[in-house]
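Overview (structure and organization)
Listed below, chain by chain, are the residues.
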There are 4 protein chains.
Amino acid sequence: MKGIFVYADSIPKEGYKLKEYEKATGKIYQSNMVWKNPRLELRTDMPVPEVGDRDLLIQVKSCGICGTDVHLIEHDDEGYVIYPWHAKLNIALGHELSGIVAQVGKDVRDFMVGDYVCTEEMIWCGECIPCRNGFPNQCERLEEIGITVNGGMAEYCVSPAKICWKLDSIRERYGDTHDVFDFGALVEPTSVAYNAIFERGQGFRPGAYAAIFGGGPVGQLGTALIKVSGASKVIVFEPQEERRKLAKVMGADFVYDTNELQKSGTSPAEVIMDVTHGRGADVLMEASGVGHVVFPEMTKSLGVNAHIIQTAMSGEPVPILFPPMQGKAAQIFAAVGHSGNGTFENVIRLMGAGMIDVRPLVSATYSLDQAVEAFDASKKRLDSVIMFQNK
Amino acid sequence: MKGIFVYADSIPKEGYKLKEYEKATGKIYQSNMVWKNPRLELRTDMPVPEVGDRDLLIQVKSCGICGTDVHLIEHDDEGYVIYPWHAKLNIALGHELSGIVAQVGKDVRDFMVGDYVCTEEMIWCGECIPCRNGFPNQCERLEEIGITVNGGMAEYCVSPAKICWKLDSIRERYGDTHDVFDFGALVEPTSVAYNAIFERGQGFRPGAYAAIFGGGPVGQLGTALIKVSGASKVIVFEPQEERRKLAKVMGADFVYDTNELQKSGTSPAEVIMDVTHGRGADVLMEASGVGHVVFPEMTKSLGVNAHIIQTAMSGEPVPILFPPMQGKAAQIFAAVGHSGNGTFENVIRLMGAGMIDVRPLVSATYSLDQAVEAFDASKKRLDSVIMFQNK
Amino acid sequence: MKGIFVYADSIPKEGYKLKEYEKATGKIYQSNMVWKNPRLELRTDMPVPEVGDRDLLIQVKSCGICGTDVHLIEHDDEGYVIYPWHAKLNIALGHELSGIVAQVGKDVRDFMVGDYVCTEEMIWCGECIPCRNGFPNQCERLEEIGITVNGGMAEYCVSPAKICWKLDSIRERYGDTHDVFDFGALVEPTSVAYNAIFERGQGFRPGAYAAIFGGGPVGQLGTALIKVSGASKVIVFEPQEERRKLAKVMGADFVYDTNELQKSGTSPAEVIMDVTHGRGADVLMEASGVGHVVFPEMTKSLGVNAHIIQTAMSGEPVPILFPPMQGKAAQIFAAVGHSGNGTFENVIRLMGAGMIDVRPLVSATYSLDQAVEAFDASKKRLDSVIMFQNK
Amino acid sequence: MKGIFVYADSIPKEGYKLKEYEKATGKIYQSNMVWKNPRLELRTDMPVPEVGDRDLLIQVKSCGICGTDVHLIEHDDEGYVIYPWHAKLNIALGHELSGIVAQVGKDVRDFMVGDYVCTEEMIWCGECIPCRNGFPNQCERLEEIGITVNGGMAEYCVSPAKICWKLDSIRERYGDTHDVFDFGALVEPTSVAYNAIFERGQGFRPGAYAAIFGGGPVGQLGTALIKVSGASKVIVFEPQEERRKLAKVMGADFVYDTNELQKSGTSPAEVIMDVTHGRGADVLMEASGVGHVVFPEMTKSLGVNAHIIQTAMSGEPVPILFPPMQGKAAQIFAAVGHSGNGTFENVIRLMGAGMIDVRPLVSATYSLDQAVEAFDASKKRLDSVIMFQNK
């Protein structure tokens, strides 16, 4: 079968000593310190993967390209990949995926061949203490489809059944169209935003004012989720015009061009205070990756009891001034992941109810054969979500 | 000025001994044990009330008739009023009111003549321990406009400024129309539903399934609030056809005629399990007043971690079977009141954002001069909300 | 090896039709409708059980007798067992157990031979939707050690590793004494109380006033947990003198004999209001099984925002009057189980810190050879916890 | 009567422009930009203050010196006071106070002459939107006893009745001793810690591991509160030996000298990971004022779902690295104040139950006549709490 692979050489940077665990498993904690010379390759000779007793074999229908994927094929001046977190190469990429169950392992009880499914992609072990205690996103033995094991940019992909979810309600609404699979592929990033806002960030009261910094996919999906959950004013800050337009489609009430604001001498904080008639924002989401720019604005535009949600993963420390946060009884919630807590179930329900529509996010579609073109487009960062579709 | 008064005689039922507090203040804890022979009267000779130092004088523009009002003028076979809670007669009725600030007390800092306002109507003291601790609805010295002091079915009404809220955002949306005042008058009952669902009931995750029993005003407003806050399926049970139609307008995805269900041998619990594909309801609201009928249905249709919200005030004990609740990790939240916790502010924001539209609830309007006709209509219980308008 | 078995005949009561699931698995949902003529037997010929790939073989050192066990060997007039919930006979009893790891399955990663461990006993599947969503106590495919599979009243017992917990911190404190295993065996019932109070019941603020109805093991352990977590006054109601004395040892500040109160014409509600100087109780725990007696007392002695916790499993509906609950902004949490949410970990930590001492609860110890005597003693219900010890 | 005053000159620093509000009220937002040449003076000619209709006149018995007080009399090189927040001089200092009610205003309903009381000192207005919404610590019109109006370092002091609390339960336990008033004076700082941990920081599960950075009064009182609420291990980091000893008395299980650690090349993070056997801390409290040193340690020693509580007020931005916080699902709560939410009531209950003993904190006592000596001692910062006592 076909599959889009990333190959790289394991050549630790000077000073980086491989840990025992890394040697034993081939999984590298800090990929940008070890994985060198990444090469993208469309393989056509992959065997259809074996299905374990508790696994599903998924005939992949849609698979999105995530920023992570791009960071695994881009490299710095020395040739090292950009991606700073754990990854095990060489693998088939793709962790935002959906498809049709083609085969079920012998101990699988909840799925049948023919089911439309997506997968969490995070293979939490279910046995370590964080998992037992209800924190699968903090699993101590996490594997990830498309990051540490073969992923969904392929004709078939294997996933443990316990992290797969049926797309029945979406199928009921949209019928047997390929849209169902695009929705399915985007359950995962929508769940990242949902987990950040509602599980980690503890949600908000309907009527709240929200400010979202950054119009990438998580910011866009956060905008949609926040609006559909009762925020009365949703303000998005984003420099790219296409993304601002998209934010309006997704649910933003107000969008601002940060570059334009800067030129006019107006700060985002001033905008927020103005739009909220001086009350400040109740929910603030840092989804831009430039926390050092965003936090000073956030701490000047807090509503009382404001919830700040950190979703962007940024390697740089962010300077935070506490007295204005103390004065407003504010808090910061650090978020990553999407598993557990009903998140996937709720996201699918919202999609099935027609309340979250992710189709406007899909700005381009490709076949696996167009792997190179698709990734070239991705690197330009003009698209919102690029989707591989197997039709 | 004009005002709609209820007069009654203080004649304690046999066996009911007036407490010292009741003798001293004239406030009666159990009105249906003391207030006899209620008479409705349109007075035209009332003086415009005096404004205390911290009060606003409100020129009333809209005032709804609430079930409480009707229960204070209806009587049982012995001639005692139906209303079982605390009330001090004789007073001008009306606690769902809005209008224009006509005069401000000398110590008032946040309002000006001409402001459009509504009032919480619950005059929490702000000094007793529940008030200090953030529970104004549990105030130990509660007074209520239109229940223990003169209310809003009049040309003018006095309210402490601290329980008044400006309607600016609604006015921005709807302009200087009388609609703004109808919205304003219904902030109070909307806040009753909001307090029950989001403050007392702790809200729900977007995507949740909700079941609402009873299509009276609180059930209708609860339906609207739950839908706008991200419930993916909202199911309403109500025997009256007009109310079922209204529920659809307010946001219900499914409405069922409980009489019809009974005839067909289907229980509400079966309906819920069917609509939710066996997952059960995550939010269940008892707003019907027949808890003994509703609870057995709710305990058979619980989702895991279901929140049951009790808003109806019913004098009868409700038999509850705990093992099915334990099996589903369910909980019951008992709710009354609407003050505190940002509730009024959030309701006004939702109205100002066009996300909650209460106008479909107003089924009839009257002038004060039509007091008798309006209350006669109320007693028929065919209307949703009857509104007095001073134009 | 030795093991204490309960045998019974599967003879459904007239009118009870076995479900397909019950036929297929032998697990019966309502044991008291099917299991007849229970016989207790000490077997000595049991083979040491096989260890699955993900299992531990535990050499049992301590195993408590729980009310469930007694209900599985007692019978009604027709000969049916008393226990009304799901059970699969014939099995070795015992679900409150601890011991030493004797063998580890080949896929087990977190345990070694020689580890001191206890087990959750609830074998949640980890794959059904409630399990995925963080509700293992609501697992749809629950098995239970000592209830549906062979338990700990034996020399050896098998448990999935994922539900086992190490007793290291308790061992650090108490050394290599048999006490460590008694603690270990009682982690399970302590976790039942912990889950009820802190997970389901959402805990309480330090300084709170607590009232506990019923001095059985869960009530006693609840008393200890509530006191050690900052309640300023803990009031226990219990008719048996020995249990009242024990409650004082466990942490109660006040204990009352309900029989004595009744004779003196004083109600528990009056006692609570008196002890709390009229503020009422903030936490109320129904652990007596006579909810119809307890709830009317609770609703008359509620503090503002009171949390009522239902732990007793009672087949009868409990009549609840809502207006006093609404007036006090009260809520009821229905609790069962103990898995998930850090509960076992925290209970072990508290025991290891010397903050929860369960030894006073162990009122009698027996060897497996004394099975009959031990159960005879249990049936008298004078003991708090009877412990089988393999020394 | 006698009273300890601080006098200063209002001479704005160059570049600081007084706001209209500051000119109108004399209250200065940034005291260190305006108040120059502070002088401490014991006045003996003060008139006993007038009591407003809703006020109490308190005969002060104990009044603590807080860091705020010292910062209002110390000055920088240019002569400006150190205190950076709002203050209105000239006033009698003292906001940690207790005493006996000497007179009650005519509208006061809950107090009598002779009552033993303390006061919140934060005079929240009860009418602004944050106050209405349950956030008195965020009051928009806050006055503070001893900071913007005359305080408790005097023979008498006036306080609104609504912020006074009776010390009855403490008096019940300790009798009519002066200790009761020392407890009373320290209800305020204990409530600062309580508000930070339980209201703002959302508390923790019993069994939790806690790390407290800084052994000043708030750190000490936090230590006591955290231990009495069920933390199984409480670790305190503090360079001063006396404070470390005191922390052990207050409830710390482990104390570490940060200077000593540094010398030995061990970081606080390593200590925490060691003491918690690799699990990390569940509650982390920054009470040292050197957040830039503490946060990097905290982010390396987080337990899953860790709560970081910021109580110190520090003018410098603190650099925070988010990925380790995201990896552990951690959050930061910014805290200030102590009013509302049952905090004072619960602190008094804990003191009355003998569960929080603040007496070890009182390291020196003085009479008002010894004002100069007392403040000289305060400036040395060797004492924990210095108390003025009027005997």
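Residues numbered from 1 in each chain as written. Chains lettered and ligands numbered in written order. Predicted model: local features only at pLDDT ≥ 70, side-chain atom pairs only at ≥ 80, totals over all residues. Heavy atoms only, no water.

Rotating chain C by 180° about the axis while translating it 0.0 Å along that axis superimposes it on chain B, leaving an RMSD of 0.0 Å. Seen this way, the second copy is the image of the first under a two-fold rotation axis. Closest approach to the rotation axis within chain C is made by the C-alpha atom of Pro319 of chain C, at a distance of 2.0 Å. Mapped onto chain B, 100% of the interface residues of chain C are again interface residues, and the two copies thus contact each other with one and the same surface. (Least-squares fit on C-alpha atoms with pLDDT ≥ 70 in both. Contact = heavy atoms within 4.5 Å.)

The next thing to look at is the packing of aromatic side chains. Counting across every chain of the model gives 46 aromatic pairs over all chains. Ring centres of Phe198 of chain B and Phe204 of chain B lie 5.9 Å apart, and the angle between their planes is 40°; this geometry places the pair in the tilted category. When the centroid spacing of 6.3 Å and the interplanar angle of 35° are considered together, the rings of Phe375 of chain B and Phe388 of chain B count as tilted. In this pair, Phe375 of chain B is assigned in helix 13 (residues 371–380) and Phe388 of chain B in strand 19 (residues 385–389), connecting sequence segments 13 residues apart. By relative accessible area, which is 0% here, Phe375 of chain B ends up buried. For Phe388 of chain B, a relative accessible area of 2% puts it in the buried group. In this structure an aromatic cluster arises from ring pairing among Tyr194, Phe198 and Phe204 of chain A. The positively charged end of Arg43 of chain C is found above the aromatic ring belonging to Phe5 of chain C, 4.6 Å away from the centroid. When the ring centre of Phe111 of chain D is taken as origin, the NZ or CZ atom of Lys166 of chain D, which lies over that ring, is 5.4 Å away. (Phe/Tyr/Trp six-rings, centres within 6.5 Å; stacked < 30°, edge-to-face > 60°. Helix = DSSP H or I, 4+ residues; strand = E, 2+ residues; numbered from the N terminus. Buried < 20%, exposed > 50% of the residue type's maximum accessible area, 1.4 Å probe, protein only. Lys NZ or Arg CZ within 6 Å of the ring centre and 35° of its normal.)

This part covers the relation of the copies chain D and chain A. Its rotation angle being 180°, the transformation that places chain D on chain A also includes 0.0 Å of axial translation and leaves an RMSD of 0.0 Å. A share of 100% of interface residues in chain D that are also interface residues in chain A marks the association as one of identical surfaces.

Residue and element names in this part refer to chain B. Pairing in this open sheet of three strands is antiparallel, and the strands run 2-1-4 from one edge to the other. Each edge of the open sheet carries a strand with a single partner, namely strand 2 (35–43) and strand 4 (91–92). Of the pairings in the sheet, the one linking strand 1 (residues 3–10) to strand 4 comprises two bridges and is antiparallel in character. When the bridges of strand 4 are listed, Val6 appears paired with Ile91. (Pairing = 2+ DSSP bridges.)

Much of the literature gives interface size as the accessible area that the parts lose upon coming together. Tallying the contact residues gives 38 residues for chain D and 38 residues for chain A. Around 3,000 Å² of area is buried between chain D and chain A when both sides are counted, 62% of it from carbon and sulfur atoms. Among the residues chain D hides against chain A, the three largest losses belong to Arg279, Phe322 and Gln326 of chain D. Together they make up 21% of the total. Counting the contacts that link chain D with chain A gives two salt bridges. For Arg279 of chain A, the salt bridge goes to Glu140 of chain D, with nearest N and O atoms at 3.4 Å. The tally of links from chain D across to chain A stands at 26 residue pairs in polar contact (both at pLDDT 80 or more). Considering every element that reaches the side of chain D that touches chain A, the biggest residue donor is helix 12 (residues 322–327) of chain D, with five residues. When its residues are assigned to classes, the side of chain D that touches chain A shows 23 nonpolar, 10 polar and five charged. The sheet contact formed by strand 17 (residues 331–334) of chain A and strand 17 (residues 331–334) of chain D spans three bridges and is antiparallel. Counted as the bridge partner of Ile332 of chain A is Ile332 of chain D from strand 17 of chain D. (Buried area = accessible area lost by both parts, 1.4 Å probe. Salt bridge = Lys/Arg side-chain N within 4 Å of Asp/Glu carboxyl O. Polar contact = N/O pair within 3.5 Å; in protein donor to acceptor, adjacent residues only side chain to side chain. Nonpolar A, V, L, I, M, F, W, Y, C, P; charged D, E, K, R; others polar.)

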